[in-house]
Amino acid sequence: MSRTAIDSDTNDEQPPPEDDHAFFGQPRGLLTLSGLEIWERFSFLGMQAILVLYFADTVANDGLGMAPGTAASVAAAYGTLVYLVSVAGGWLADRILGSYRAVLWGGILIALGHYSMAVPTAGMTWAGLGLISAGTGLLKPNVATMVGKLYATDDDRRDAGFAIYYMAINIGAFAGPLITGWLADHRGYHWGFSAAAIGMTFGLLQYVLGRRHLAGRKHSAEFALAPDAMRRAVLLIVLGTLAVGAVAAVLAAAGWLTMDRFVDLLTLVSVIAPVVYFWVMFKSPRVTAEERGRLKPYVVLFLASVVFNFILFQAYSTMILLASTNARTTILGFDFPASWYASALGAFEVALAPVVAAVWARMGHNQPHASNKIAFGVILGGLSFLLMVVPTSGHADDTYRMAAWWIVGSYLLLGLGDVLLETSGMSATTKLAPKAFSSQTMSLWFLSLALANGIQAQTVKLYDDVSKPAYFGVNGAIAVAAGLVVIALAPWLRRTMHPVH
């Protein structure tokens, strides 16, 4: 992760010595942070599983009445905003708040956002999404950093600890849509949003109660600005936020800042931000020639991540829309909400992650290079969309219902691809980023996720205008082609990605 050294200047910053092996041989603080992630993913993905359906449902059914393509586009724009804010969240923790307080305030904002969305008005929905975006931006990049602080840099338990942490993420991803989906289907969307709020509240409570088990619980940031500089930074942030809000309000009132234009603006920012970030790293005098050479292959892996996550994020948009209109919601005689399909993705990742880890461990040095793992993940993502061409083809109208196993099979391919790509991609990011930017490696990864969502926000607008086989077939084929390009570049990538194997 971005910072792994444990600060040992003050003993009260460290957990009690007896904590070190208290959680299945892992530090006790891992339980606190994993528990927080379970509830954060429960709330975030539980809400996201029903968000696009809420946008697309009729006003009479308590929805917002958007066209399906528009609903998917707005949901993707929300994801873009979340990951763009995450870049700023890492900086705020480093320079002003500190990781513990950044996560705490992030969790509070997320909970407030979900409680806002529980109020059945459109205005509170948009306010809630804004709060959740800001809160997730503070929380998400810094929890992983806190997990890293539980271990010394050379601690052999580190990889196993992060495996448990990612397992917790997927447990939340599995459970969230089950609860929120059932409530949305039987009680109404705002009941589902309420469940997400309660879940985040549980996560916050156990985080605060378990804070004594966390390393580096500083009140100040690890790389804090000087007092005068910090005051100036806080003032600029506050004034800048107010100014942007005021300008946005004026433009919206004048009719210029429409929802479509806001989506387009976020997409533009998601494209410009990584271009600027890479340009700064390539031109920085603090980056050595050797590090600059390693950045070139990372650009390829960055783009591969964008392509895969463009497919992955549609598991919560176009795939959910397709499931709600054209897939059976009965398996073995049991009826379930369409949003439950999203839980399949988390379930497959929970089941497949230890299997994949065991296979890599058994293969040892004979396992595929990191670039090939990423390429296989991208190809599997593309195949998950190509699979949907079969059940959506050959129908006279749009009233057909495909068997549930088609959607489940697509999510199986996508889940396996995610397991292959995310772990290798994160590892490559931390090893290939220049030392001068080591504390911002999470920002690089989040920019790939922001760009994937930004592209998705534009592409899904075509969902209403083209046939389903064409939509899933073309997007899937592009992803498969991108994965094959990465495989073709494997000799160059292996040569230039040292020390990544």
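Note that the structure is a prediction, hence the values are computed from the model and not measured. (Residues numbered from 1 in each chain as written. Predicted model: local features only at pLDDT ≥ 70, side-chain atom pairs only at ≥ 80, totals over all residues. Heavy atoms only, no water.)

K.L.:
How would you summarise the packing of helix α1 (residues 28-56) against helix α6 (residues 189-209) if you had to cite specific residues and measurements?
P.N.:
At a minimum axis separation of 8 Å, α1 and α6 run at an interaxial angle of 165 degrees. The angle between α1 and α6 places the two elements in the roughly antiparallel class. Relative to α6, the crossing made by α1 is left-handed. Its residues placed into classes, the contact of α1 with α6 shows 17 nonpolar, eight polar and one charged. (Axes fitted to C-alpha atoms, helices over the stretch in contact; angles between N-to-C directions. Helix = DSSP H or I, 4+ residues; strand = E, 2+ residues; numbered from the N terminus. Parallel < 35°, antiparallel > 145°, perpendicular 65-115°, else oblique. Left-handed = near helix turned anticlockwise from the far one by under 90°. Nonpolar A, V, L, I, M, F, W, Y, C, P; charged D, E, K, R; others polar.)

K.L.:
Kindly report on unusual backbone geometry, identifying the contributing residues and their values.
P.N.:
Its identity as a non-glycine residue notwithstanding, Asp-62 has a phi of 75 degrees, on the positive side. Within the element layout of this structure, Asp-62 appears in the loop between α1 and α2 (68-97). In this structure Asp-62 comes out as partly exposed when scored by relative accessible area, which is 33%. (Buried < 20%, exposed > 50% of the residue type's maximum accessible area, 1.4 Å probe, protein only.)

K.L.:
Can you explain a nonpolar patch on the surface? Please cite residues and give values.
P.N.:
Together, Trp-126, Met-259, Phe-262, Leu-265, Leu-268, Val-269, Val-271, Ile-272, Val-275, Val-276, Trp-279 and Val-280 line one region of the surface with nonpolar side chains, adding up to about 1000 Å² of accessible area. Ranked by residues supplied to the nonpolar patch, first place goes to helix α8 (residues 259-283) with 11 residues. Examined against the element boundaries, Leu-268 turns out to sit in helix α8. (Patch = residues over 30% accessible without salt bridge, like charges linked within 9 Å, V, L, I, M, F, W, Y side chains within 5 Å. Areas by Shrake-Rupley, 256 points an atom, 1.4 Å probe, with all protein chains shown as cover. Salt bridge = Lys/Arg side-chain N within 4 Å of Asp/Glu carboxyl O.)

K.L.:
Outline the nonpolar core, supporting the account with residue identities and numerical values.
P.N.:
Met-47, Leu-51, Phe-55, Tyr-341, Ile-407 and Tyr-411 are the most contacted members of the largest nonpolar core, which totals 97 residues. Setting aside anything within four residues of it in sequence, one finds Tyr-411 in contact with Ala-315, Met-319, Ile-320, Tyr-341, Ala-342, Ala-344, Leu-345 and Phe-348. Core analysis: the second largest hydrophobic core is formed by 23 residues, Ile-110, Leu-139, Ile-169 and Tyr-207 among them. (Core = buried A, V, L, I, M, F, W, Y, C linked by side-chain atoms within 4.5 Å. Contact = heavy atoms within 4.5 Å.)

K.L.:
Mind laying out the packing of aromatic side chains, listing which residues take part and the relevant values?
P.N.:
Within this structure, the stated rule accounts for 20 aromatic pairs. Judged by centre distance (6.0 Å) and plane angle (35 degrees), the ring pair of Tyr-54 and Phe-55 falls under tilted. Neither residue differs from the other here; Tyr-54 and Phe-55 are each classed as buried. Lys-468 extends its terminal NZ or CZ atom over the ring of Tyr-463, reaching a point 4.6 Å from the ring centre. (Phe/Tyr/Trp six-rings, centres within 6.5 Å; stacked < 30°, edge-to-face > 60°. Lys NZ or Arg CZ within 6 Å of the ring centre and 35° of its normal.)

K.L.:
An account of the confidence of the model for the chain is requested, with residue identities and associated values reported.
P.N.:
This prediction gives the chain a mean pLDDT of 86; 91% of its residues lie at or above 70. Here strand β1 (residues 330-331) stands out as the least confident element of the chain, with mean pLDDT 80; helix α16 (residues 468-488) is the most confident, with 96. Here residues 1-12 is a poorly scored stretch, pLDDT under 50, and it has 35 contacts once near neighbours within four places are set aside; other chains count. (pLDDT = per-residue confidence, 0-100.)

K.L.:
Provide a residue-level description of the packing of helix α9 (residues 289-312) against α16, including the pertinent values.
P.N.:
Where α9 meets α16, the closest approach of the two axes is 10 Å, and the angle between their N-to-C directions is 155 degrees. With respect to their mutual orientation, α9 and α16 come out roughly antiparallel. When you trace α9 past α16, the crossing you get is left-handed. Contacts between α9 and α16 pair Val-300, Ala-304, Val-307, Phe-310 and Ile-311 from the former with Asn-475, Ala-479, Ala-482 and Val-486 from the latter. Looking at side-chain class alone, the contact of α9 with α16 contains eight nonpolar, one polar and no charged residues.

K.L.:
Give a detailed account of the side chain of Ser-384, specifying residues and quantitative values.
P.N.:
Following the sequence through the fold, Ser-384 ends up in helix α12 (residues 370-386). Not counting the four nearest positions on each side in its chain, Ser-384 is found in contact with Ile-311, Ser-410, Leu-413 and Leu-414.

K.L.:
If you had to explain the pattern of salt bridges to someone new, which residues and values would you point to?
P.N.:
Within the structure shown, the criterion is met by five salt bridges. Notably, a salt bridge pairs Asp-264 with Lys-461, separated by 3.0 Å at the nearest N-O pair. Here Lys-461 lies in the loop between α15 (441-459) and α16 and Asp-264 lies in helix α8, a separation of 197 residues in the sequence. With a relative accessible area of 34%, Asp-264 lands in the partly exposed category. Here Glu-290 makes a salt bridge to Arg-294, at a shortest N to O gap of 3.2 Å. You can see Glu-290 and its partner Arg-294 sitting in helix α9, four residues apart, about one turn around the helix.

K.L.:
Describe in detail the environment of Ala-488, supporting the description with residues and values.
P.N.:
Looking at the element boundaries, Ala-488 is found in helix α16. Given a relative accessible area of 61%, Ala-488 falls into the exposed group. Counting along the chain gives 186 residues from Ala-488 to Phe-302, while the straight-line C-alpha distance between them is 16 Å.

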